[in-house]
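# Descriptive analysis of the structure
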Amino acid sequence: MDSTFEKDMDLVDFYLSTEHRDQPGTGCPTAGFAGDMAREPTAGEVRETYAAGVREFAAWMSADADDGLPVVATLVGAILLARATAGTELAEKILASAQTALTAPHGPRPGIPGTGGVDRDPTPRR
């Protein structure tokens with residue numbers, strides 16, 4: 001197994017852990033600042049800096065930042081939802097399902113064309 005792959009899987013394992021979920025103050029700044037960035041209409045330079053960090057995280061997770069975006073979006077979305085639902089059965093299901101989606105070998109990946117998931121029609125709806 002490739003050491004880069006192992007590193008990425010170690011990160012996925014930690015990122016989607018209950019430990020990471022339950023300690024947002026020491027966790028990932030991408031997840032930590034997401035809500036603040038979304039609520040700040042005049043973030044300007046701060047938002048650009050945040051976006052650069054998201055791109056860097058995506059590039060670190062893949063050979064190409066664009067390829068890493070679905071991984072980062074899944075990680076961050078899952079941890080935000082798991083934190084928001086902490087203490088419920090749903091929080092555990094969110095972490096487990098995101099883990100499966102990111103680590104299942106060649107499994108269906110919804111929204112990722114050609115992987116057996118539900119592919120979206122790229123034709124705009126009117």
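The model shown is predicted, which means the values in this text are computed figures rather than measured ones. (Residues numbered from 1 in each chain as written. Predicted model: local features only at pLDDT ≥ 70, side-chain atom pairs only at ≥ 80, totals over all residues. Heavy atoms only, no water.)

### Here's the deal with the overall build of the chain
Heads up, the rule is: Helix and strand assignments follow DSSP, with helices taken as H or I runs no shorter than four residues and strands as E runs no shorter than two, numbered in order from the N terminus. Burial here depends on accessible area, computed with a 1.4 Å probe over protein chains only, as a share of the maximum for the residue type. Under 20% is buried, over 50% is exposed, and the range in between is partly exposed. Two residues form a contact once any of their heavy atoms are found within 4.5 Å. Under the convention used here, a 1.4 Å probe and the Shrake-Rupley method define accessible areas, while residue burial counts only the protein chains that appear.
Looking only at helices and strands, one finds seven helices and zero strands in the chain. When the helices and strands of the chain are listed from N to C terminus, the series reads α-α-α-α-α-α-α. Here the chain holds 126 residues, and the buried ones make up 29% of them. Of the contacts formed within the chain by residues at least 6 apart in sequence, a portion of 50% connects residues at least 24 apart. About 8500 Å² of surface is accessible on the chain, with carbon and sulfur atoms providing 57% of the total.

### Notes on the environment of A101
By secondary structure assignment, the location of A101 is in helix α7 (residues 89–103). Judged by relative accessible area, A101 falls into the partly exposed class, the value being 34%. For the pair A101 and V71, spaced 30 residues apart in sequence, the C-alpha separation works out to 9.4 Å.

### Some words on the nonpolar core
For clarity, the cut-off: The definition of a nonpolar core used throughout is a set of buried Ala, Val, Leu, Ile, Met, Phe, Trp, Tyr and Cys residues joined through side-chain atoms within 4.5 Å.
Counting residues in hydrophobic clusters, the biggest one holds 24 residues, and the most contacted among them are V12, Y15, L16, F57, M61, V72 and L75. Mapped by element, the contributors of at least two residues to this core are α1 (3–15), α5 (45–60), α6 (65–84) and α7. Setting aside anything within four residues of it in sequence, one finds V72 in contact with V54, F57, A58 and M61.

### Topic: the packing of aromatic side chains
Geometrically, a pair of aromatic rings is defined through the distance of the ring centres and the angle of the planes. Put simply, the rule reads: Any Phe, Tyr or Trp ring, taking Trp's six-membered ring, that has another such ring centre within 6.5 Å forms a pair; planes under 30 degrees apart are called stacked, those over 60 apart edge-to-face, and the others tilted.
If you walk through the whole model with that rule in mind, you get one aromatic pair. Between the aromatic rings of Y15 and F57, the centroid separation amounts to 6.1 Å while the plane-to-plane angle is 40°, which identifies the pairing as tilted. Taken together, the positions of Y15 in helix α1 and F57 in helix α5 put the pair 42 residues apart, joining distant regions of the chain. Taken as a pair, Y15 and F57 share a single burial class, namely buried.

Just distances and angles here, no functional claims.
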